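# Close look at the chain arrangement
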Amino acid sequence: MKTQKVLFFSLYERFWHWSQALLIFVLTFTGLEVHGTMSVMGMEKAVNIHNVAGWALVVLEIFTLFWMMTSGQWKQYIPRFEKLVDQVKYYAVGIFQGAPHPTVKTPEAKHNPLQRLTYLGLLAALVPLQLITGALYWGYPQYQLEGFPLETLAVVHTLGAFGFVSFVVVHVYMTTTGHTVFSNLIAMITGYEETEKEVH
Ligand code: HEM
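Along each chain, numbering runs from 1 in the same order as the chain's sequence is written. Only residues with pLDDT of at least 70 are given local features in this predicted model, and only at 80 or more are side-chain atom pairs given and counted; all residues enter the totals for whole chains, interfaces and linings. Water and hydrogen atoms were dropped before computing side-chain values, which therefore reflect all heavy atoms in the structure.

### Quick look at the coordination of the iron atom of the ligand
As a reminder of what qualifies: Water is not part of the atom set, so a site may look incomplete; the donors themselves are N, O and S atoms within 2.8 Å of the metal, or 3.2 Å for Na, K and Ca. Categorising residues by exposure relies on relative accessible area from a 1.4 Å probe, with only protein chains included: less than 20% of the type maximum marks a residue as buried, more than 50% marks it as exposed, and the intermediate range marks it as partly exposed.
Looking at the iron atom of the ligand, one finds its protein donor set to be His17 (NE2) and His171 (NE2), positioned 2.0 Å from the metal centre. What makes His17 buried here is its relative accessible area of 16%.

### Let's talk about the environment of Lys105
Here is the rule: We count a stretch as a helix when DSSP gives it H or I for four or more residues in a row; a strand needs E for two or more, and each element gets its number in order from the N terminus. Polar contacts here mean pairs of N or O atoms no more than 3.5 Å apart (in protein, one a potential hydrogen donor and the other a potential acceptor; neighbouring residues in sequence count only if both atoms are side-chain atoms).
Tracing the backbone shows Lys105 in the loop between helix 3 (84-92) and helix 4 (113-139). Along the sequence, Lys105 and Trp55 sit 50 residues apart, while their C-alpha atoms lie 34 Å from each other. Among the polar contacts made by the side chain of Lys105, one reaches the side chain of Asn184 at a distance of 3.1 Å. Looking at Lys105, its side chain comes within polar contact range of the side chain of Glu193, at 2.8 Å.

### Topic: the pattern of salt bridges
Heads up, the condition is: Any carboxyl oxygen of Asp or Glu within 4 Å of a side-chain nitrogen of Lys or Arg constitutes a salt bridge here.
Under the criterion given, the structure shown has two salt bridges. One salt bridge connects Glu13 with Lys110, and the closest N-O pair in it is separated by 3.0 Å. Taken together, the positions of Glu13 in helix 1 (residues 11-35) and Lys110 in the loop between helix 3 and helix 4 put the pair 97 residues apart, joining distant regions of the chain. Like Glu13, the residue Lys110 is buried in the burial classification. With its nearest N and O atoms 2.8 Å apart, the salt bridge here joins Lys105 to Glu193.

### Topic: the packing of helix 4 against helix 5 (residues 150-174)
The criterion, for reference: Axis geometry follows a simple rule: fit a line to the C-alpha atoms, using only the stretch in contact for helices, then measure angles between N-to-C directions, giving values from 0 to 180 degrees. Take the far helix as the reference: if the near one is turned anticlockwise from it by less than a right angle, the crossing is left-handed, and if turned clockwise, right-handed. Two residues qualify as a contact provided that any one of their heavy atoms is within 4.5 Å of a heavy atom in the partner residue. Ten residues, namely Ala, Val, Leu, Ile, Met, Phe, Trp, Tyr, Cys and Pro, are considered nonpolar, four, namely Asp, Glu, Lys and Arg, are considered charged, and the remaining ones, Gly among them, are considered polar.
Interhelical geometry of helix 4 versus helix 5 gives an angle of 145 degrees and a closest axis separation of 9 Å. The two elements helix 4 and helix 5 meet at a crossing, and its hand is left-handed. Across the interface between the two elements, Thr118, Tyr119, Leu122, Leu126, Val127, Leu129, Gln130, Thr133, Gly134, Leu136 and Tyr137 of helix 4 pack against Leu150, Leu153, Ala154, Val156, His157, Gly160, Ala161, Gly163, Phe164, Phe167 and His171 of helix 5. The class makeup of the residues in the contact of helix 4 with helix 5 is 14 nonpolar, eight polar and no charged.

### Looking at the site of the ligand
Keep this limit in mind: To be near a molecule or strand, a residue needs just one of its heavy atoms within 4 Å of it.
Surrounding the ligand, one finds 23 residues, the nearest of these being Glu13, His17, Tyr77, His111 and His171. Here an oxygen atom of the ligand sits 2.9 Å away from a polar atom, N or O, in the side chain of Gln115. Within the side chain of His171, a nitrogen or oxygen atom sits 2.7 Å from a nitrogen atom of the ligand. Elements with a minimum of two residues in the shell around the ligand: helix 1, helix 4, helix 5 and helix 6 (183-190). Across the shell around the ligand, the residue classes break down as 14 nonpolar, seven polar and two charged.

Given below as structure tokens:
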């Protein structure tokens, strides 16, 4: 069996992924200060940085939505239920017994069924929820939506932040479960991953 290098993540996709990760770290850190959980830089500075990073994320996600639609990459997130149960069983049991990956990763289908569902939930539900509640919070009291008082926005926005933190913890562990511990990480940095190629 020979190996070959295959391009999985384009330059824009990698730029999007790492700037999104950085912005979410900045937002979580300053968000903890705005929430009153910790005190490092002072409330005013934390609020200013949080607002700038929040609007930067809005711009980044708008560009990314445009890129997804024009490149056809949105299709990578269409749910696939075939082998979903096999994938869950693999992460729960098979991985600890050295079982093979149930799905093959290709540039046309680079996420397994569980990743598809997770990333779809993240990008189509959690990210918009967080950006919309954040923007409404930012615009309060000038721009208000009927039935969404500040208290509701604060609770939903905070729950959303917990959702991001939970995602990142599981996500970083999951990235180590590729065909080697760092193969997924290297792919997200260089774009390329070594895959096996049958030679006839
Ligand atoms: C230190 C933190 C992070 C590391 C090391 C990391 C690493 C990775 C890696 C290696 C992949 C590729 C997985 C694969 O090939 O199967 C990936 C994909 C992805 N990550 Fe992260 N990630 C981090 C933080 C985040 C954050 C904060 C978010 C957003 C909240 C995020 C969202 C995503 C998404 C949406 C994908 C799929 C991208 C695509 O479809 O091209 N990641 N991440």
